[in-house]
Amino acid sequence: MLSRRLALALAASLPFGAPVLAQTGDWRRAHPELVFSIIPSENSSGVLDRYAPFMAYLSQALGVKVTLRVASDYAAVIESLRAGQVHFAHMGPAAYARAAIVTQNGVEPLVTMANSQGAIGYYSVLYVRAADPAQSLADLKGRNLCLVDPNSASGNNVPRYALNKLGIDPEAHFGKIVYSGSHENAVIGLSQGTCDAAFNWWNTERESNLLRMVAKNMARAEEYRIIFRSDLIPGSPITMMRSTPEALREAVRRAFIEAATADREAFLRISDGNATTYVSVKPEDYQVMIDLSRFIDQMRRRRS
């Protein structure tokens, strides 16, 4: 059942005089169960464990069962959303931009998370091993680089865009480029010597994929250091298809925005206690990522 607080919030968001049941009940009859998908930024067991309480919260807040599905890769999230196999998804900003392009703006970003310092967005950083003598991108010429996924913002698109602005062609500059498939695997590849440098996401000194791995005893922070950091990247959005009922999209938006207060324990768990709240976002907030994705497409076409 919806909490009284959330029900009032939903009612306040409806046009004046519109019956609440007519606006919110219809989508529940059509969607008695919702599937929420998430990008594979870490191993699937870690995601399932972290998100279990939040799925329970969403189920209660929305009044229908919400099931979590961890996608095999970034493209799978986009295709599942477009095919209607997934109703809403947590996507990286580059994956959202790709979805906007392939669906001809058929997707809508609803909310994103504000980090521990209240900022909306994050960075792409380049790690090397702490003992490595490299101090800059120039020092990595001829050496191997780990990227994450072709549709990852911090793990591929932003690095390529940033390198291009510096006059660096990754394929010519690095000895070999390896796609690791996830942010965790990129760090593991660096530790095992598969690559000499690895791009990854980083929010603040307190919040990053590396520190999440440290908390799970998968890495030691002192074994790595950052030699490059990008400009700020728009935050990863919770995304839905525009073809879904508007009342459903607004109910999902409200549930996420209310999460930090309605079920704070579940909310803090999905961010390891390092986020402040979810905030509403608009398509225009991600135009920079759409432009970047088109730039990446142009680069690929030139090489083909």
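Report on the accompanying structure. Because the structure is predicted, anything quoted here is derived from the model rather than measured.

Digging into the overall build of the protein
Line of reasoning, step 1. Of the regular secondary structure elements, the protein holds twelve helices and twelve strands.
Line of reasoning, step 2. Across the 304 residues that make up the protein, the buried fraction comes to 54%.
Line of reasoning, step 3. If you take every contact in the protein between residues at least 6 apart in sequence, the share linking residues at least 24 apart comes to 79%.
Line of reasoning, step 4. For the protein, the exposed area adds up to about 13,300 Å²; of that, 51% sits on carbon and sulfur atoms.

As for the state of the cysteines
Line of reasoning, step 1. In total, this model carries one disulfide according to the counting rule given.
Line of reasoning, step 2. Through a disulfide, C146 is tied to C195; the S-S separation comes to 2.3 Å. Between C146 and C195 the disulfide shows an S-S torsion of about -100 degrees. By sign, it is left-handed. A residue pair is termed long-range when its members are at least 10 positions apart, and C146 in strand β6 (residues 144-147) and C195 in the loop between α8 (183-192) and β8 (197-204) qualify at 49 residues.

Remarks on the sheet that holds strand β2 (residues 65-70)
Within a sheet, adjacent strands bond to each other through the backbone by hydrogen bonds, running parallel or antiparallel.
Line of reasoning, step 1. Spatially, the six strands line up as an open sheet ordered β2-β1-β3-β11-β4-β12, and their pairing is mixed. Edge positions in the sheet fall to β2 and β12 (275-280), since each of these pairs with one other strand and no more. The average undirected angle you get between the axes of adjacent strands in this sheet is 25 degrees.
Line of reasoning, step 2. Sheet topology note: the strand β4 (residues 107-115)/β12 ladder contains five bridges and is antiparallel. Each residue of the ladder has a partner; that of T112, found in β12, is V279.

Criteria and cut-off values
- Residues numbered from 1 in each chain as written.
- Predicted model: local features only at pLDDT ≥ 70, side-chain atom pairs only at ≥ 80, totals over all residues.
- Heavy atoms only, no water.
- Helix = DSSP H or I, 4+ residues; strand = E, 2+ residues; numbered from the N terminus.
- Buried < 20%, exposed > 50% of the residue type's maximum accessible area, 1.4 Å probe, protein only.
- Contact = heavy atoms within 4.5 Å.
- Areas by Shrake-Rupley, 256 points an atom, 1.4 Å probe, with all protein chains shown as cover.
- Disulfide = S-S within 2.5 Å.
- Pairing = 2+ DSSP bridges.
- Axes fitted to C-alpha atoms, helices over the stretch in contact; angles between N-to-C directions.

Distances and angles like these do not, on their own, reveal function.
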